[in-house]
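Below, each chain spelled out in residue letters.
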Amino acid sequence: MTEQVRTRIAPSPTGAPHVGTAYMALFNLAFARRHQGKMVLRIEDTDRARSTPGSEQAILDALSWLGIEWDEGPDCGGDYGPYRQSERLELHQAEIDRLLEQGDAYRCFCSPERLDELRKEQMARKETPRYDGRCLALPPEESKQRAKNGEPFVVRMKIPSEGECRFMDELRGEVVIDWSQVDHQVIRKSDGYPTYHLANVVDDHHMRISHVIRGEEWINSVPKHLLLYKLLGWNPPAFAHLPLLRNPDKSKLSKRRNPTGIFYYRDAGFLPEAMINYLGMMGYTLPDQREVFSLGDLSETFDLKRISLGGPVFDLDKLRWLNGRYLREKLSEEEVIDRLLTWKAGKGFLERVLPLALKRLETLSDFFPLAQFLLADKLEYTVTELTGKLDPGEAARLLKIAEWELEKTAEWNRDELSSLFQRMAQTEEMKLKELLPLFFVAITGSTVSLPLFDGMSLLGPDLSRTRIRLALEKLADTGNGLSKKGLKSLEKEYRKAYGDRVD
RNA sequence: GUCCCGUUCGUCUAGCCAGGUCCAGGACACCGGGUUUUCAUCCCGGCAACAGGGGUUCGAAUCCCCUACGGGACGCCA
């Protein structure tokens, strides 16, 4: 063994922790463990507008819940820190300067509008969209001067104008991409932050990453990354591009059709070891074809070569079956009781729910039916109950708007939710009283229950959002969903009334 | 549109690298039967796939080429 195996997982803290992140983390970990190596967790927060500390913490929590442990990271440190890209800016800047001096990169002063137009023209001419190199010809002196004068600019890397880039992917063998297909990638944004492409190369190098194991979506970027390694005089790591998790319709797994938040699965009562097991069988089988296995089992025999490349469809039915096996085969009754207690059904839960339920109780037996929706995954109700006095089409519209609005709320609590729905009622020119019954049924499954906002806040964002989506699906199943066209125009209308979507 | 990647039962996959033992094996789902006071569990059985076409070869799911289909990338997002 000449060199230690070091892998990394590099999530960006911009939203709810995603099962895809866990999937990549799992294989990175298994590979590192198999080779007595280390796995690094690095936070890729170079998108200043979208990164949030809350999201970073959520990612750490989600992975920890799954039992995925990293050897170095922002929370536990390590010899190659810091482990947040935003804290490594000098390092990135130094390399950008070096590339600039070497003449391997140049400042670009083109406006986003011009670039947009350029892209459209090229697409129309059936070419691969690519920067046309206008600022490439700028004399270095002029470029320097304009930057000094405070004119906004980005830095782009120079790409060979002809020839091809050949590289090895550990899973697929040789991949050939023509340099003419590769854009003059921006490596420094106008806000001074590096882009992913630059930061990931610089950080992977300094963190001594030996194997980059990441999603297939990155495979087209390898030439840029390889070129950066070369220009900076560094040895590149080995690359392995894993297939992407898919929706039932084979598209890249997205929350539109599936719950993709790790916390949804936790809150809906799935066990972390079953999740890990299930993710481990996506695109992979152990040599002996065992179907029930632990992270340890996986790590013991893990072999990249055994990964199958067709994108696996994430199948909730099979996950449920597997989860069931853990519950009845792998855990003792006592352990299941423990899980139940720590999951939700503990004293803390009763303490939080009782104040909401108390005034509605005549007997103790009234309590659990009222609280039932907080423990359930899926709810049973009819479309008529859901829509109430509303027209089903209108109900679908309102649910969709709420879904989008809910995606924007970072703070998930009673007051926040309350003002969100009040705002929505105002915008829709409805009384809160008219708007709310729909959501009441979607969230609680009943017209008689605990207060909506408290209930949602207790339920958490993942379960709540999933229920809204479920209500929408229910409407669609009865022919009252939003058509593709309707969705598009609704989106436009939404932007006007509520502002841009975050997604 | 251009480029890249992929393609075994509806789904997850074994087999492919080292071609014959594969009229393709296992699992989920589904269907049928048995155990069980119901249901579930458990057990037994069934349905169901090498995308298509050309090569190479005595022989191809396995090697090569083409086509089709699917996905991804084409951002001052990662």
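In this text, all values refer to a predicted model and were calculated from it rather than measured experimentally. (Residues numbered from 1 in each chain as written. Chains lettered and ligands numbered in written order. Predicted model: local features only at pLDDT ≥ 70, side-chain atom pairs only at ≥ 80, totals over all residues. Heavy atoms only, no water.)

Novice: What is the right way to read the domain arrangement of chain A from this model?
Specialist: The figure often quoted for interface size is the accessible area lost as the parts come together. In terms of domains, chain A is made up of domain 1 (6-86 + 245-323), domain 2 (88-242) and domain 3 (383-498). Domain 1 and domain 2 are separated by 27 Å when their C-alpha centres are compared. Each side of the interface is counted separately: domain 1 has 26 residues, and domain 2 has 28 residues. In this structure, the connection of domain 1 to domain 2 is made through 4 salt bridges. In this structure, Arg 48 and Asp 191 form a salt bridge, with 3.5 Å as the shortest nitrogen-oxygen distance. At the level of secondary structure, the elements contributing two or more residues to the side of domain 1 that touches domain 2 comprise β1 (6-9) and α1 (19-34). Take the side of domain 1 that touches domain 2: its biggest share by element is 4 residues, from α1. Here the residues of the side of domain 1 that touches domain 2 are counted per class, giving 10 nonpolar, 6 polar and 10 charged. (Domains from an automatic or database assignment. Contact = heavy atoms within 4.5 Å. Salt bridge = Lys/Arg side-chain N within 4 Å of Asp/Glu carboxyl O. Helix = DSSP H or I, 4+ residues; strand = E, 2+ residues; numbered from the N terminus. Nonpolar A, V, L, I, M, F, W, Y, C, P; charged D, E, K, R; others polar.)

Novice: Even after reading the chapter, I still don't get the sheet that holds strand β7 (residues 186-188), so can you show me in this structure?
Specialist: Within a sheet, neighbouring strands are paired by backbone hydrogen bonds and run either parallel or antiparallel to one another. Reading across the sheet, the 3 strands line up as β3-β4-β7 and stay open at both edges, with antiparallel pairing between neighbours. With one partner strand each, in any of the chains shown, β3 (105-108) and β7 form the two edges of the open sheet. Taking each pair of neighbouring strands and ignoring which way they run, the sheet shows an average axis angle of 45 degrees. As paired strands, β3 and strand β4 (residues 154-157) are joined by 4 bridges and run antiparallel to one another. The partner of Arg 107 across the bridge, within β4, is Val 155. (Pairing = 2+ DSSP bridges. Axes fitted to C-alpha atoms, helices over the stretch in contact; angles between N-to-C directions.)

Novice: I tried to follow the packing of helix α16 (residues 392-408) against helix α18 (residues 432-444) on my own but got confused; where do I start?
Specialist: Helix packing for two helices is described by the angle between their axes and how far apart those axes are. At their nearest, the axes of α16 and α18 sit 11 Å apart, and the two run at 75 degrees to each other. Here α16 lies roughly perpendicular to α18, going by the angle between them. Along its contact with α16, which presents Ala 395, Leu 398, Leu 399 and Ala 402, the element α18 presents Leu 435, Leu 438, Phe 439 and Ala 442. When its residues are assigned to classes, the contact of α16 with α18 shows 8 nonpolar, no polar and no charged. (Parallel < 35°, antiparallel > 145°, perpendicular 65-115°, else oblique.)

Novice: Looking at this structure, how should I read helix α21 (residues 484-498)?
Specialist: Residues spaced three or four apart along an α-helix point in a common direction, a consequence of the helix completing one turn every 3.6 residues. Over its 15 residues, α21 runs 20 Å from end to end, which matches the ideal 21 Å to within 8%, given 1.5 Å per residue. Three or more residues of α21 are buried, namely Leu 490, Glu 491, Tyr 494 and Tyr 498. Considered in projection along α21, the buried side chains sweep an arc of 110 degrees and stay on one side of the axis. The exposed residues of α21 that point more than 90 degrees off its buried face are Lys 485, Lys 488, Lys 492 and Lys 496. Where α21 is buried, its residues contact α16 and α17 (414-427). Looking one or two places after α21, you find Gly 499, whose phi comes out positive at around 95 degrees. (Expected span 1.5 Å × (residues − 1). Buried < 20%, exposed > 50% of the residue type's maximum accessible area, 1.4 Å probe, protein only. Arc of directions from axis to C-beta.)

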